[in-house]
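Given next are the chains, with one letter for each unit.
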Amino acid sequence: MSSSEHDVGAVTDFQVGRPHRVEIDGRALVILNVGDRIYAVRDICPHQGARLSDGQCKSRLRVTAVGTQPEIQADDLVLQCAWHGWMFDLDTGRALTENDSARVRTYSARVQDSRVLVDTT
Ligand code: FES
């Protein structure tokens, strides 16, 4: 574990697919365990300040051709804010709806020895 990494709990503390709020040095983050990967983002929606930990993890829908049914992209997950539905790319933090220049801060997160480590640099 590097000096900028913080242990935020056992991986089993983070139910798969459900956003969890944690605090590191007074900074609120959302931890999202999607099974094969852990994400960490700031717990403040850039729209009007809602807690993103109150939101939902969803799969993005993608239309591949005109007239076809949208396909669920299970490997392309987003975090949706509970207040007005803005969605955020979990890798980049970029908003995918409304104002696409809005962004939520993302952090590097990983699992080591069954513990979730978040790098706040
Ligand atoms: S506060 Fe998050 S979408 Fe409005």
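Residues numbered from 1 in each chain as written. Predicted model: local features only at pLDDT ≥ 70, side-chain atom pairs only at ≥ 80, totals over all residues.

(A) Highlighting the sheet that holds strand β8 (residues 106-112). Reading across from one edge, β1-β9-β8-β4-β3-β2 is the order of the six strands in this open sheet, with antiparallel pairing throughout. Both outer strands of the open sheet, β1 (5-10) and β2 (20-24), are each paired with one neighbouring strand and no more. With strand direction ignored, the average angle separating the axes of adjacent strands in the sheet is 30°. Bridging between strand β4 (residues 38-42) and β8 involves two bridges; their strand directions are antiparallel. Along β8, the bridge assignment pairs V41 with T106. (Pairing = 2+ DSSP bridges. Helix = DSSP H or I, 4+ residues; strand = E, 2+ residues; numbered from the N terminus. Axes fitted to C-alpha atoms, helices over the stretch in contact; angles between N-to-C directions.)

(B) Summary view of the pairing of strand β3 (residues 27-33). The buried fraction of β3 amounts to five of the seven residues, a majority that puts the element mostly inside the structure. Note that β2 and β3 share five bridges and pair antiparallel. Looking at the pairing, E23 lines up with A28 of β3. From the end of β2 to the start of β3, which pair antiparallel, there are two residues, and D25 there has a positive phi angle of about 50°. Looking at chain direction, β3 and β4 are connected through five bridges and run antiparallel. Bridge assignment links I31 to a residue of β4, and that residue is A40. Between the end of β3 and the start of β4, which pair antiparallel, lie four residues, with G35 showing a positive phi angle near 100°. (Buried ≥ 20, exposed ≤ 12 C-beta atoms within 10 Å, placed from the backbone.)

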